[in-house]
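Notes for the structure review
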Amino acid sequence: MSEVITLIQYYARERLFRHVQAVCNSSLKKRGDDPILLFWKAYGLVNEGSVADAIRELEGIQGKRDVQLAVTSALIAAHNKFARVEHDAVQALESQLASHRNSASEKGLMTAAQFHLLSEQFDKAREYVKKVLEAQPNYIPATVLLGWVEMLSGRENYVIKSVQHFDKALGAETTKDIDALLGKAKYLEIRQQYASALDTLNQVIVLYEWFTPALMEKAKVLMMMGDWEQCFEVTSRVAQQDPYNIDALRLLSLYHLVREGRYQTAANRLTELIQSLDKFEPKNHQLYYNIAYPMARVAGRSSSVLQQTLAMIDRCKSLQPEMAVYCAEQGHQLLMSVQVKPAVAAYKAAMKLDEACHPALNGLIKCQILEGQYADAEQQLEFLHEITDAKEGKVPELIYLAALLAWRRHVDQNTSVKLLSEAVETHFRSIKEMPIGLKYFAAMNPDFLVEVAKEYLQHCGTDPLDASDPPSPTLTKAIKLLELILKAVPGLLECHFLLARTKYIINDDEAAHRTVDSCLRLNPTHADAHMLMSQIELKADHPKAAAASLEQCLSHNFDVKDTAMFYLQKARIHQSLGEYQESLKVLQEAMTLAKDSANQASAGTARSQKEKKQQAAAAAFKVTLYDKVSLYLELANTYTKLDQMEEAAKIFNQGMNEVRSTVEEVRLLIAHAQFMLKKGQVETAIGMLGGVTADLPYYVKAQTVLAAIHLHQRNDKRMYIDCYRKMVESDPTVHTCCLLGDAFMKIQEPEQAIKAYQIALEQNPKDTNLPSKIGKAMIITHDYNKALSYYESAVKGDPTNAQLKYELAELYTKLRKFERAEKLLKDSLGDSSDPTDYTATMKEVKIYMLMSKVSTGASDDQASIDGLLKARELQMSVLQRVRGEQADFVRQQKGIGANICFELGNTYNNHNQPDKALQYYNEALRNDESHEKSILALARLHLARGELDPCQNQCVIALRLDSGNEEAAMMLADLMFRKNEPEAAIFHFQQLLERKPNHYVALSRLIQLLRRAGKLSDVPKFLKLAESLSARAALDAGFHYCKGLYARYTNNPREALTEFYAARKDSEFGTRVLEHMIEIYINPDNDIQLEQAGGGGENDKEFMKSVQSARDLLKEIPPMSRTMKHQVLECYAQMVTKNKGDIENAIATLGNMVAADKNYVPALLALAEAHLLRKETPKARNHLKRVAKMPYNSDEAEEFERSWLLLADIFIQQAKYDLASELLKRCLAQNKSCAKAWESLGFIMEKEQSYRDASEHYEAAWRMENHSNCSTGFRLAFNYLKAKRYVEAIDVCHKVLQQQPDYPKIRKDILERARSCLRA
């Protein structure tokens, strides 16, 4: 029995009275004449309208003690439902109530309490249930019922207490009471704790499988949570089990309308719903109305849907013909179907039934406005305002009607827009915090909001704004309103179209294309959407696509050919294709039709068939004043393109005569002024625009154009600003103040801009964009403290402004206040947002990206990685949800995903985790295969790992995407060298430098490459080419850097320092220049071992001066540019002094660096050199052996080379010539200009008495050092002598002696002996 009562109570709460009867009838077949079931059956009959039948049923069980109290109360209620109440009968029943109340059993009190609860008589219900609990304090059904009474009473203090009763009931029994679970779920739903409500309903579903309504309750909660997909899934499951389930059919219909915009599918579902209602709730007129009302308002005025909702209203009228509200609703839906006269009839019928029926009065006034009866409408509206303001306060619909009259009757745009804004604000206040459901959509009334948006757009034109013009406040309001509507009802087709049109007007072409695509996906036959798509394609310079869309438009609505817009678009397409004569013909035809249409009223009867056709075409042609001006403008523009200036001038004059003293006159005048400007008549243009007074429409536009002329044609900033000041003086609105501020920003006067923005903010403190503009302007002034204070106070004043918080966090990051930035960003993440709205998720992605940047700045590497990983996870969820969006938008989001993965790859690469870096770079390319940064990063990583073929593939891809990609070309050249293809490598650089000879980064890389290829002799010609093709070469830091490199590589340290000095302050090359200078000062002769460097050591003042110079240069390196390499250089500067304490400090520092990164080659090399200075050769050898086993990395090429040379030198000292030769050959494989490697190989050959081979190696070393190293010259001459190459020996001796005339031994031991041998 408890299961039956639970079902009865549920259906009664849902107002499904025939369902109540059905449950009772079904149970009565099993339980006979159960009085409680008979009572509830009678309750269903009463509420269904079968009052007489219900009274008979109730009187039959009036003597049953268990229902006596409830029956008496129900009989009183039933008698009161008659048009003529039998007061004697009611009084008699009321007199019985007291005695029945005292004698009622526990069941009787419970049944009576349930009845009064459902009748919304909460005090009586509470009285009866408390009486039961006084007798049995732990009686669970009574405890649960009290919870329902408290909760549904609506009084906040009772609602809060209600959950305690449910919890008490649930905690008292091992088997959880279903009514308690349902009550708790409803309580959590009321408190908007939807996740907890869902958990509770899931318990009901699991514990009580027979209770199928629990599934529908779950679906409703899912809908309130915004999880429409799961809602649809659950509802579809119920509909499969029970195809006639009213709630399921209702929710499915709503889903197809609200989310999908599938009007025909929804109409089919509504047909099924009507059939179900006719079968299972045929007399429930309130249910028909409650379904039809919201469905009609989310249907986008679909005729198929409105046909079904009108059918429901017809049933309401047939069931309750005296209800005025049903007639008024019928009128409203007929008006939505553009059936004005039938709507008027319905409204009048409602007024006959109830003269004070406000919906009918509103509807009649609207009909009067539509029919042009403005005076009558205004009179009615004033009367209605008087009777409603006192009772109900401001009514959005009435404010909207006042806005219509302000524009249509009084042509007062400002008043109309203000009233529209007031209507929107009032309307949204009334639905604030309402949960999503049928009641929400009924109260929200998207159809009404779309009408308001359309009215806004009446004042915004249809042509795109100039690129420099900001959107007007009216247009901004329209966009904001349309976006709000679509957020709630994304299936609203007309809203998609209107939003697309607004995006087109403000030049957000990508968003316009995306939105119109959504519109066409919902309805491929939408002619207006095809027209808009044609305009968007034409604006994007795709005339063929535009023509195709125009054809589609015409195929879906042939009447469109009778509109001025069709002719305008067709003419513009011809213009875009360069077919100006064709464009001219189309426009002239349109102008003829427009004139004939205007003359149609005064035209006589047509005589010939041709005249009849012309008159018919003119009568059908639809042209507004705005369209007519557009035709004049397009025609003048076409004549201008054809260079027929006189004809264009005639068109302007003709147009001005026709539209004089109309709202469109100024629009044509502005275009005329711009035409005069093209003719070079600047003063004439200024005079024309200066004549536009502040009371005329388009005044702001005229002043904006005039200001642009002053700025660009006259370069007069004072007059430029004066134009904007006049706008503010004539109409000091937020919009004009913002325009003034923007103008000041354009001429780089941010202080004045701030003042203008602040005035605007005072007028509209709720504007969320103005604080952002002020903050950005303050940052531009570089007064960061002031900007910081402003942002902080602005965020404190408006903690919900996410954009302000983000900008403040960016400023904190810029000022290195990382802790504050992190705290603020975490607070931003805590802001409430709709989890189903992917735009909110997109904002979270942005926040996590900035959090990662903050963590990097704070040196918290793990937090940085965690932030990027979270951003990646969220962006993946965004990508899943936008799959059905327009392709460009999806591509944009994939690009963001690629950027996140790229940053992750970089982070892991910087932390020497190449495998993970590779994973994320590849993932970035899966998101966006043309992501250039990831392609290049992947190529660099493959190159560093020695994976040459994959690196080459990535470089080829990068060059295919951008043939001018310099980094890819340089990398490919580097790659060719590594693959032993030096000619190909040099060829790539030559190609790049031929295109851009002063590309000094490429030139420096070519010098390094030629050095490694052993072709340093080719460098001078490239330096000369760069110098000859750029007059500024001698002043370019890059050029001096390249010359310095060449000098250093050719063993000319003094010249290298001179060139580097000229480039040391450069932002691009400065750090690299300083590194080279420091290395030269520390080791000017580029010796293998530091113990050889400096000659005289500590006693050599010149050398110590060089060391001090190196230390000074280290201090010049900017803190933000300092790397581990600079720490290594600092250690070298300590080590070269050969002071024991300095060397130990250097070893400690280097040891810490190696501990942090065991594969950091510069630190390992420096550590080895430090140990050699301490004569700890075995320790040095161990470090160098580690380097020798590592894979070669081009980024550390110099350090690898020096490590191999140093280890080879140690092996030579130990007479391990084979091991040394292997290392030296490896060195030469990477750098054929390595003189030290050639010299060491020569030494090994000399030791092996292979003088000819030795001389060849020494000769290479001598050549690579530009014949400047006397020591190498001596060894070469000696081996030439031993190899009996006397002439060469003499030649080398002369070169050495030319540099150092007193060089020891060479004159006596080699030169003189060679001469003797030559004479012999």
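Conventions and cut-offs
- Residues numbered from 1 in each chain as written.
- Predicted model: local features only at pLDDT ≥ 70, side-chain atom pairs only at ≥ 80, totals over all residues.
- Heavy atoms only, no water.
- Helix = DSSP H or I, 4+ residues; strand = E, 2+ residues; numbered from the N terminus.
- Rg over C-alpha atoms; globule rule 2.2 N^0.38 Å.
- Buried < 20%, exposed > 50% of the residue type's maximum accessible area, 1.4 Å probe, protein only.
- Contact = heavy atoms within 4.5 Å.
- Areas by Shrake-Rupley, 256 points an atom, 1.4 Å probe, with all protein chains shown as cover.
- Lys, Arg positive; Asp, Glu negative; His and termini not counted.
- Charge placed at Lys NZ, Arg CZ, Asp CG, Glu CD.
- pLDDT = per-residue confidence, 0-100.
- Core = buried A, V, L, I, M, F, W, Y, C linked by side-chain atoms within 4.5 Å.
- Polar contact = N/O pair within 3.5 Å; in protein donor to acceptor, adjacent residues only side chain to side chain.
- Axes fitted to C-alpha atoms, helices over the stretch in contact; angles between N-to-C directions.
- Parallel < 35°, antiparallel > 145°, perpendicular 65-115°, else oblique.
- Left-handed = near helix turned anticlockwise from the far one by under 90°.
- Salt bridge = Lys/Arg side-chain N within 4 Å of Asp/Glu carboxyl O.
- Expected span 1.5 Å × (residues − 1).
- Phe/Tyr/Trp six-rings, centres within 6.5 Å; stacked < 30°, edge-to-face > 60°.
- Lys NZ or Arg CZ within 6 Å of the ring centre and 35° of its normal.
- Disulfide = S-S within 2.5 Å.
- Nonpolar A, V, L, I, M, F, W, Y, C, P; charged D, E, K, R; others polar.

Moving on to the overall build of the chain. The secondary structure content of the chain amounts to 71 helices and zero strands. Computed over its C-alpha atoms, the radius of gyration of the chain comes to 44 Å, more than 25% above the 34 Å expected for a compact globule of 1320 residues. Seen along its three principal axes, the alpha-carbon backbone of the chain occupies a region of about 155 × 95 × 55 Å. Counting only residues that meet the buried cut, the chain has 52% of its 1320 residues in that class. Restricting to contacts in the chain with at least 6 residues of sequence separation, those with at least 24 account for 57%. Accessible area for the chain stands at about 61,300 Å²; split by element, carbon and sulfur atoms hold 49% of it. Side chains of the chain give 165 positive and 171 negative charges; the mean places of these two sets differ by 3 Å.

The subject of this paragraph is the confidence of the model for the chain. When pLDDT is averaged along the chain, the result is 87, and 95% of the positions lie at 70 or above. Here residues 601–606 is modelled with pLDDT under 50, and outside its nearest four sequence neighbours on either side it reaches six contacts, counting other chains as well. Of the regions scoring below 50 in pLDDT, residues 1092–1099 engages in 14 contacts with residues more than four places distant in sequence or in other chains.

Ranked by size, the top nonpolar core spans 198 residues in total, and within it I8, F39, W40, F211 and L254 carry the most contacts. Leaving out residues up to four positions away in the same chain, F39 has contacts with L58, I61, V67, A70, V71, A74, T111 and F115. Of all hydrophobic cores here, the second largest spans 125 residues; its members include L948, F1103, L1206 and A1220.

Moving on to the side chain of S105. For S105, the position within the fold is in the loop between α6 (87–103) and α7 (106–118). Within the structure, the side chain of S105 is placed 2.9 Å from the side chain of D66, a separation counted as a polar contact. Sequence-distant contacts of S105, defined by excluding residues within four places in its chain, comprise R65 and D66.

This paragraph deals with the packing of helix α17 (residues 285–297) against helix α18 (residues 303–319). The axes of two packed helices give the description: the angle between them and the distance between them. Where α17 contacts α18, the axes come no closer than 9 Å and their chain directions differ by 155°. Here α17 lies roughly antiparallel to α18, going by the angle between them. Every pair of crossing elements has a handedness; the one defined by α17 and α18 is left-handed. On α18, the residues touching H285, Y288, Y289, I291, A292, M295 and A296 of α17 are V305, L306, T309, M312, I313, R315, C316 and L319.

Moving on to the side chain of E1239. Tracing the backbone through its elements, the reader meets E1239 in helix α67 (residues 1235–1247). One buried charged residue, E1239, remains without a salt bridge, the closest side chain of opposite sign being K1236 at 4.2 Å. If we ignore the near neighbours within four places in the chain, the residues touching E1239 are Y1258, A1261, E1265, S1271 and T1272.

Attention now goes to helix α5 (residues 68–79). Along an α-helix, residues three or four apart share an orientation, since each turn contains 3.6 residues. Along its twelve residues, α5 runs 16 Å from first to last C-alpha, staying within 8% of the 16 Å computed at 1.5 Å per residue. For α5, the buried fraction is high: eleven of the twelve residues fall into the buried class. Residues of α5 that are buried: Q68, L69, A70, V71, T72, S73, A74, L75, I76, A78 and H79. In this structure, the buried side of α5 is in contact with α3 (35–48), α4 (51–60), α6, α7 and α8 (122–135).

We now examine the pattern of salt bridges. Inspection of the entire model under this criterion finds 59 salt bridges. Two residues, K539 and D509, come together in a salt bridge whose shortest N-O distance is 2.9 Å. Of the two residues, K539 is situated in helix α30 (residues 527–539) and D509 in helix α29 (residues 509–522); the sequence distance between them amounts to 30 residues. The partly exposed category is assigned to K539, whose relative accessible area is 30%. A residue is classified by how much of its surface remains accessible, and D509, at 26% relative accessible area, is partly exposed. Put simply, R945 and D915 hold a salt bridge, and the shortest N to O gap is 3.1 Å. Of this pair, R945 sits in the loop between α51 (932–944) and α52 (948–961) while D915 sits in helix α50 (residues 914–927), placing them 30 residues apart in sequence.

With that settled, the discussion passes to the packing of aromatic side chains. Inspection of every chain in the model, using the stated rule, returns 31 aromatic pairs. A network of ring pairs unites the aromatic residues Y10, Y11, Y208, W210 and F211 as a single cluster. Cation over ring: R126 sits above Y158, and NZ or CZ is 4.1 Å from the ring centre. In this structure, R297 is placed above the aromatic ring of Y293, and the distance from its NZ or CZ to the ring centre is 3.5 Å.

Between its terminal C-alpha atoms helix α19 (residues 324–336) stretches 19 Å, which fits the 18 Å expected from 13 residues at 1.5 Å a residue. Where burial is concerned, most of α19 is hidden: eleven out of the 13 residues are buried. What α19 keeps buried is the set A324, Y326, C327, A328, E329, Q330, G331, Q333, L334, L335 and M336. Close packing links the buried residues of α19 with α17, α18, α20 (340–353), α21 (358–370) and α26 (446–457). Backbone geometry just downstream of α19 places V338 in the positive-phi region, at approximately 60°.

Now for the state of the cysteines. Tallied over the entire structure, the rule returns zero disulfides. Of all cysteine sulfurs, the one in C519 lies closest to C495, which takes part in no disulfide; the gap is 10 Å. C495 sits in the buried class, given a relative accessible area of 0%. For C1293, which is in no disulfide, the shortest distance to another cysteine sulfur is to C1270 and amounts to 11 Å.

A word on the environment of I369. You can see I369 is positioned in helix α21. Separated by 288 residues in the primary sequence, I369 and N657 have C-alpha atoms spaced 31 Å apart. If we skip the residues at most four places from it in the chain, I369 touches Y374, A377, L401, L404, L405 and R408.

Attention now goes to unusual backbone geometry. The phi torsion at A1215 lies on the positive side, around 60°, for a residue other than glycine. Here the phi dihedral of K1305 falls at roughly 70°; this positive angle occurs in a residue that is not glycine. In this fold, K1305 is placed in the loop between α70 (1286–1299) and α71 (1306–1319). On the accessibility criterion, K1305 (58% relative accessible area) is exposed.

It is the contact of helix α10 (residues 156–172) with helix α11 (residues 178–190), at a shortest axis distance of 9 Å, that shows an interaxial angle of 150°. Overall, the two elements α10 and α11 adopt an arrangement that is roughly antiparallel. As α10 runs across α11, the sense of the crossing is left-handed. Together, V159, I160, S162, V163, F166, D167, A169 and L170 of α10 and A180, L181, G183, K184 and Y187 of α11 make up the contact between the two elements. Its residues assigned to classes, the contact of α10 with α11 comprises nine nonpolar, two polar and two charged.

Turning our eyes to something else, we now look at the environment of R718. Residue position: R718 is located in helix α40 (residues 717–730). On the basis of relative accessible area, R718 is assigned to the exposed category, the value being 60%. Counting along the chain gives 164 residues from R718 to L554, while the straight-line C-alpha distance between them is 51 Å.

It is worth spelling out the environment of L824 at this point. You can see L824 is positioned in helix α46 (residues 818–830). For L824, a relative accessible area of 11% translates into the label buried. When neighbours within four sequence positions are excluded, L824 is seen to be in contact with V795, K805, L808, A809 and Y812.

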